[in-house]
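Each chain, letter by letter, is given below.
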Amino acid sequence: MSEKMQFQAETKRLLDLVVNSIYTNKEIFLRELISNASDAIDKLRIESLTNKSLEIDIEPEIFILPDEKTKTITISDNGIGMTREEVIANIGTIAKSGTKDFLDKLHEASGAAAQELIGQFGVGFYSAFIVADKVELITRKVGTSTASGVKWTSDGAGEYEIENCNKEINGTIIVLHLKKEFTSDDTLGEYDFTDVYQLERLIKKYSDFVRYPIKMNFEIKGKAEDEPEIEIRTINSMKPLWARSKSEITNEEYDEFFKQQLHEWEAPLDVLHVKAEGTIEYTALLCIPKHAPNNLYYSDYEAGLQLYSRHVFIMDKCKDFLPDYLRFVKGLVDSPDLPLNISRELLQQSTGVKVIGKALEKNIQKQLGKMLKDDRKKYETFWKEFGKSIKIGVYHSVFDTKLQDSLKDLLIFPTSRDGKFSTLAEYVERMPDFQKKIYTAAGKDSAAIDKLPQMELLRDRGLEVIYLTDPVDEFAVAALKKYADKEIQSITQENFELDDAESQKVKAEVEEIAKTREDLLKDVKAAIGDAVNEVRLTSRLKSGAVCLVTGEGGPSLTMEKTFSAMNNSLFKAKVILELNPNHAVFKKLENLHAQGKDSPEFKDLCNTLYSLALLIEGFMPENPAELANKITDLLTK
Ligand code: ADP
């Protein structure tokens, strides 16, 4: 039965990009298809460990067959294969979260920026369309009959055709019908992918560590002069890189390894190669990618390391080695001390895994610490991509002071000093003697925080403030509470006060005024209603008229928003509206109050002040149209 089907919309958009070849590197298609073939053989091996009825006595192999006459390359594997449903699900759709966001971003970017973006998003199988204008995929799932083969064909233009067919053995065959510029027809072309030696070069370059033999036919001189014979050769060395000694491995080899082994599209930011020979022997080859994957914080992101035992692949995405906050670390662990056919469940309880995991976690922390010290620029690149993960780690370390101690010095934040990143230690080092606490302020970005009315006095006094611009920042510093015995204090919380004599004097004055304005404050609160928990006078403002602050120890307004986005409305911020008694608008408020606390003018002013305070903090008032009307009235008065 032959059927024509449409690609899912996002897949089609992605395909357009591939076909219109934004990839400068045309060669990588082969690496991608070989990686898929090798994964398919892995899957078959794992399946056969648990499903004894599968009799697999053929040696695993990947075969590459270029053909000058038909202008094709055929890539076949004897791996697990796919059913019809699996072909439709795997090849017709892209299931990753964030694909749409990614495509939208890409749409806006151009040139080098687009190149970089696309590099972060592996398109895997679709890379076939970089070099081919028609792709056929013939596959048969292991354990099914000869007649249950499936043939998928597409020219990458929006539709594909799928039909049943016969296939002798399990596995997948991919036939690439090459575009003219990749054949010998195009004499000016850079590449002729129908040439075995070109392909041999690509396999050696990109797929040397693939753990199954990649074979090709070579013509050699036969006995008779004009009758060449065919010799089958294995191209790749298959020797695992991690088994070699570190000093013998070049950076390029590491880079290529991660690209081919982990389907990375670019060289990693940092590599960690650990060999341990204690009670438990293991080798780990880990990397921090240059860019965070689009779905890093989505539930379909699969963290985890590959697991090998004596160089034999056991399991992909093994989550039990590293804690969640290191979910961005990729790589593999090879240990002879872990049993070959261990199940995921048993693995979780394995002390070996725990010991290795703890050691790796320490190693990664140490390596990051070293990067921060020795190569600040690289660390900031890391931080922009993965800092969020470390902050989540700090947040989760509330009850684990040891973890907190090992992570707190990895934190960096921009500060009001010059907008540059600073560690907490560097901040504390710069604190003047009279400053007792570490000051923080949260907002959507540095510019928004800079404009907070609460910042004015601090700026005047030359005090530096740490900017918390990611919602998770506030959670992280709330978990820390202190650094180097100095309390961390938000300048937008109720108990904030400056310690210097001048500030203390102003504070005492305001407290005096407040004593005589109790009625006024009570009536302002009544006019606004439950939206605020308290109204009071403040000494933290200079030229600003109003501000909002939140209760000590409780969530801030942004935290409350984050909680409610997670459908958790239990965490409510205690909201306090603060008025500057030295501002002209306060005098106006007093005058209107004197005319009567129930007068519409008084109530209006109270609510307008509250709305403005919300706006200043970056929140939308409940009824923006009403506020706009009031302001328009004021402007025309
Ligand atoms: P990725 O490899 O990143 O998952 P691909 O687009 O390369 O993305 O492939 C999508 C899916 O198609 C794979 O996850 C796999 O399930 C399936 N697939 C691709 N190539 C093969 C193959 N040679 N044999 C079996 N399954 C394959």
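Reading the values: the criteria
Residues numbered from 1 in each chain as written. Predicted model: local features only at pLDDT ≥ 70, side-chain atom pairs only at ≥ 80, totals over all residues. Heavy atoms only, no water. Near = heavy atom within 4 Å. Polar contact = N/O pair within 3.5 Å; in protein donor to acceptor, adjacent residues only side chain to side chain. Areas by Shrake-Rupley, 256 points an atom, 1.4 Å probe, with all protein chains shown as cover. Helix = DSSP H or I, 4+ residues; strand = E, 2+ residues; numbered from the N terminus. Buried < 20%, exposed > 50% of the residue type's maximum accessible area, 1.4 Å probe, protein only. Contact = heavy atoms within 4.5 Å. Pairing = 2+ DSSP bridges. Axes fitted to C-alpha atoms, helices over the stretch in contact; angles between N-to-C directions. Salt bridge = Lys/Arg side-chain N within 4 Å of Asp/Glu carboxyl O. Phe/Tyr/Trp six-rings, centres within 6.5 Å; stacked < 30°, edge-to-face > 60°. Expected span 1.5 Å × (residues − 1). Parallel < 35°, antiparallel > 145°, perpendicular 65-115°, else oblique. Nonpolar A, V, L, I, M, F, W, Y, C, P; charged D, E, K, R; others polar.

Novice: Would you mind going over the site of the ligand with me for this structure?
Specialist: Neighbouring the ligand are 11 residues; Asn-36, Asp-77, Asn-90, Phe-125 and Thr-172 lie closest to it. Asn-36 is positioned with one of its side-chain polar atoms (N or O) 2.7 Å from an oxygen atom of the ligand. Between the ligand and the protein, one listed contact pairs an oxygen atom with a backbone N or O atom of Phe-125 at 2.8 Å. Protein contact buries 77% of the 530 Å² of open area that the ligand shows by itself. Mapped onto the shell around the ligand, the elements with two or more residues apiece are helix 2 (28–50) and helix 3 (84–91). Counting residues per element, the shell around the ligand draws most heavily on helix 2, which supplies 3 residues.

Novice: It is not clear to me how the side chain of Asp-334 should be interpreted in this structure. Could you clarify?
Specialist: Assignment of secondary structure puts Asp-334 in strand 14 (residues 330–334). Assessed through its relative accessible area of 5%, Asp-334 is described here as buried. A polar contact is formed between the side chain of Asp-334 and the side chain of Trp-242, at a distance of 2.7 Å. Leave out the neighbours within four places in its chain, and Asp-334 touches Trp-242, Tyr-282, Thr-283, Tyr-308, Ser-309, Arg-310 and His-311.

Novice: Just to check I follow, could you spell out the sheet that holds strand 3 (residues 72–77) for this structure?
Specialist: Neighbouring strands of a sheet are bound in pairs by backbone hydrogen bonds; such pairs are parallel or else antiparallel. If you trace the 9 strands from one edge of the open sheet to the other, you get 1-6-5-4-7-3-2-8-9, paired in mixed fashion. Every other strand in the sheet has two partners, leaving strand 1 (3–6) and strand 9 (229–234) as the edge strands with one partner each. Between one strand axis and the next, the sheet turns by 20 degrees as a mean value, whatever way the strands run. Bridge count between strand 3 and strand 7 (residues 171–178): 6 bridges; the pairing is antiparallel. Bridged to Thr-72 within strand 7 is His-177. Strand contacts of helix 7 (residues 196–206): strand 2 (62–67), strand 3 and strand 8 (214–220), with the helix running at about 150 degrees to strand 8, the strand carrying the most contacts.

Novice: When you look at the environment of Ile-203 in this model, what are you seeing that I'm missing?
Specialist: Mapping Ile-203 onto the fold places it in helix 7. Each C-alpha atom of the pair Ile-203 and Val-585 lies 75 Å from the other, and the pair is 382 residues apart in sequence. In this structure Ile-203 touches Leu-30, Ile-34, Ile-64, Asp-208, Ile-214, Met-216 and Ile-235, once residues within four positions along its chain are discounted.

Novice: Got a minute to help me understand the environment of Leu-65 in this structure?
Specialist: Tracing the backbone shows Leu-65 in strand 2. With a relative accessible area of 36%, Leu-65 lands in the partly exposed category. Separated by 319 residues in sequence, Leu-65 and Lys-384 place their C-alpha atoms 44 Å apart. The contacts of Leu-65, once residues within four sequence positions are left out, are Thr-72, Ile-73, Thr-74 and Asn-217.

Novice: I'm lost on helix 8 (residues 251–261) in this one. Help?
Specialist: Quick reminder: α-helices carry 3.6 residues per turn. Residues three or four places apart thus point the same way. Of all the residues in helix 8, the buried ones are Tyr-254, Glu-256, Phe-257, Phe-258, Lys-259, Gln-260 and Gln-261. Of the surrounding elements, those touching the buried residues of helix 8 are helix 2, helix 7, strand 10 (270–277), strand 11 (281–288), strand 12 (305–309) and strand 14. With its phi angle positive at about 55 degrees, His-263 sits one or two positions after the end of helix 8.

Novice: Help me understand the pairing of strand 5 (residues 149–154), please; the structure alone is not making it clear to me.
Specialist: Consecutive residues of a regular strand have side chains that alternate between opposite faces of the sheet. Among the 6 residues of strand 5, 5 are classified as buried, and the element is accordingly described as predominantly covered. Here strand 5 runs beside strand 6 (residues 159–165); their pairing, made up of 6 bridges, is antiparallel. Bridging across to strand 6, Ser-154 finds its partner in Tyr-160.

Novice: What am I meant to see in the pattern of salt bridges here?
Specialist: Think of it this way: side chains of opposite charge can pair up when their charged atoms draw near. All chains considered together, the criterion is met by 42 salt bridges. The partner of Arg-233 in a salt bridge is Glu-231, with the nearest N and O atoms 2.8 Å apart. The exposure class assigned to Glu-231 is partly exposed, which follows from its relative accessible area of 31%. Between Lys-388 and Asp-470 there is a salt bridge; the shortest N-O distance is 3.0 Å. One end of the pair, Lys-388, is in helix 11 (residues 376–395); the other, Asp-470, is in the loop between strand 18 (466–468) and helix 16 (471–480), with 82 residues separating them in the sequence. The class of Lys-388 is partly exposed, set by a relative accessible area of 30%.

Novice: Sorry if this is basic, but what is going on with the packing of aromatic side chains here?
Specialist: Applying the stated criterion across every chain, the model contains 21 aromatic pairs. Measuring from ring centre to ring centre gives 5.9 Å for Tyr-379 and Trp-383, while their planes differ by 25 degrees; the resulting arrangement is stacked. Here the residue Tyr-379 and the residue Trp-383 both occupy positions in helix 11, the gap between them amounting to 4 residues, near one helical turn. Residue Tyr-379 is classed as buried on the basis of its relative accessible area, which comes to 0%. Since its relative accessible area comes to 5%, Trp-383 is described here as buried. Here the aromatic rings of Phe-382 and Phe-386 are separated by 5.9 Å at their centres, their planes lie at 35 degrees, and the arrangement is tilted.

Novice: Which parts of the structure should I look at to understand helix 10 (residues 351–374)?
Specialist: The first and last C-alpha atoms of helix 10 sit 34 Å apart over 24 residues, in line with the 34 Å expected at 1.5 Å per residue. Every buried residue of helix 10 is accounted for by Gly-352, Val-353, Ile-356, Gly-357, Leu-360, Glu-361, Ile-364, Gln-365, Leu-368, Met-371 and Leu-372. Where helix 10 begins, the capping side chain belongs to Ser-350, and its oxygen is found 3.2 Å from the backbone nitrogen of Gly-352.

Novice: Teacher, can you tell me more about the packing of helix 18 (residues 518–528) against helix 21 (residues 600–616) here?
Specialist: Describing two packed helices takes the angle between their axes plus the distance from one axis to the other. Their axes nearest at 9 Å, the elements helix 18 and helix 21 cross at an angle of 80 degrees. With respect to helix 21, the axis of helix 18 lies roughly perpendicular. Contact residues: Leu-520, Asp-523, Val-524, Ala-527 and Ile-528 in helix 18; Phe-602, Lys-603, Cys-606, Asn-607 and Tyr-610 in helix 21. Of the residues that constitute the contact of helix 18 with helix 21, the class distribution is 7 nonpolar, 1 polar and 2 charged.

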